[in-house]
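# Chain and residue survey
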Amino acid sequence: MNRQSQIETATLILRIALGVMFLAHGLVLKFFTFGLEGTAGFFESIGYPAWTAYLVFALETLGGIALILGIGTRMVSAILIPILVGAAWVHVGNGWVFSAEGGGWEYPVYLVVLAVVQVLLGSGPASLDRKLGREAAPVIR
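Below or above, wherever it landed, is the structure these notes cover. Note that the structure is predicted; figures quoted are calculated from it, not measured.

This part covers the overall build of the protein chain. Looking only at helices and strands, the protein chain has six helices and zero strands in total. Helices and strands appear in the protein chain in the N-to-C order α-α-α-α-α-α. Dimensions along the principal axes, computed over C-alpha positions, put the protein chain at roughly 50 × 30 × 20 Å. Residue pairs in contact within the protein chain that sit at least 24 positions apart in sequence constitute 62% of those at least 6 positions apart. For the protein chain, the exposed surface amounts to about 8,000 Å²; the carbon and sulfur share of it is 72%. Taking the average place of the 8 positive charges on the side chains of the protein chain and the average place of its 8 negative ones, the gap between the two points comes to 19 Å.

Attention now goes to the packing of helix 1 (residues 3–33) against helix 3 (residues 51–69). At a minimum axis distance of 7 Å, the contact between helix 1 and helix 3 shows a crossing angle of 150°. The angle between helix 1 and helix 3 places the two elements in the roughly antiparallel class. Between helix 1 and helix 3 lies a crossing of left-handed hand. When helix 1 is examined against helix 3, the residues Arg 15, Ile 16, Leu 18, Gly 19, Val 20, Phe 22, Leu 23, His 25, Gly 26, Leu 27, Lys 30 and Phe 31 are found in contact with a partner set consisting of Val 56, Phe 57, Glu 60, Thr 61, Gly 64, Ile 65, Leu 67, Ile 68 and Leu 69. By residue class, the composition of the contact of helix 1 with helix 3 is 13 nonpolar, five polar and three charged.

Attention now moves to the side chain of Thr 11. Tracing the backbone through its elements, the reader meets Thr 11 in helix 1. By relative accessible area, which is 4% here, Thr 11 ends up buried. Among the polar contacts listed, one links the side chain of Thr 11 to the backbone oxygen of Ile 7, at a separation of 2.8 Å. Not counting the four nearest positions on each side in its chain, Thr 11 is found in contact with Gln 118, Leu 121, Gly 122, Ser 123 and Gly 124.

Attention now moves to the side chain of Thr 73. Here Thr 73 lies in helix 4 (residues 73–91). Here Ser 123 takes part through its side chain, which lies 2.7 Å from a polar atom of the side chain of Thr 73. Excluding residues within four positions of it along the chain, Thr 73 makes contact with Arg 15, Leu 67, Gln 118, Gly 122, Ser 123 and Asp 129.

Our focus in this paragraph is the environment of Val 20. Summarising the element assignment, Val 20 is placed in helix 1. Sequence separation between Val 20 and Glu 60 is 40 residues, and the spatial gap between their C-alpha atoms is 9.8 Å.

What follows covers the nonpolar core. Core analysis: the biggest nonpolar cluster contains 19 residues, and Leu 18, Phe 22, Leu 67, Leu 80, Leu 84 and Leu 111 have the highest contact counts within it. Counting residues per element, the ones that place at least two in this core are helix 1, helix 2 (35–45), helix 3, helix 4 and helix 5 (106–121). When near neighbours in sequence (up to four residues on either side) are disregarded, Leu 18 contacts Leu 67, Leu 111, Leu 114, Ala 115 and Gln 118.

With that settled, consider unusual backbone geometry. At Ala 126, a position not held by glycine, the phi torsion is positive, near 55°. You can see Ala 126 is positioned in the loop between helix 5 and helix 6 (128–131).

Calculation notes
- Residues numbered from 1 in each chain as written.
- Predicted model: local features only at pLDDT ≥ 70, side-chain atom pairs only at ≥ 80, totals over all residues.
- Heavy atoms only, no water.
- Helix = DSSP H or I, 4+ residues; strand = E, 2+ residues; numbered from the N terminus.
- Contact = heavy atoms within 4.5 Å.
- Areas by Shrake-Rupley, 256 points an atom, 1.4 Å probe, with all protein chains shown as cover.
- Lys, Arg positive; Asp, Glu negative; His and termini not counted.
- Charge placed at Lys NZ, Arg CZ, Asp CG, Glu CD.
- Axes fitted to C-alpha atoms, helices over the stretch in contact; angles between N-to-C directions.
- Parallel < 35°, antiparallel > 145°, perpendicular 65-115°, else oblique.
- Left-handed = near helix turned anticlockwise from the far one by under 90°.
- Nonpolar A, V, L, I, M, F, W, Y, C, P; charged D, E, K, R; others polar.
- Buried < 20%, exposed > 50% of the residue type's maximum accessible area, 1.4 Å probe, protein only.
- Polar contact = N/O pair within 3.5 Å; in protein donor to acceptor, adjacent residues only side chain to side chain.
- Core = buried A, V, L, I, M, F, W, Y, C linked by side-chain atoms within 4.5 Å.

Next comes the structure, spelled out in structure tokens:
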């Protein structure tokens, strides 16, 4: 496997993993596990307006799907970064490790880094962006 193939494969793996994570947090956690009203109640309990729970749910769910399919990957990743920063802010008082009671800030900050890397890498192979010609394959020397 040459260098370009390695980078293309890594980009694909990152994009799908990030998309699955957002889909899991939006659809599975906020919709199926806590319900949207429960999620809105939690958001209010930590000082965010209830309506932001619905916005976060929609962005995480639709963003996760878009990332998995490779649609607008750079833009979608950039749009989702403030959500991750907000999640980190919620957990900052709980300490570093995410396994701490209430969850720490380490995992959301790590996801910020991954989203920034995805913005830099773009959609990669096996993406609708590439298939539709919206993103060319990189030339790596």
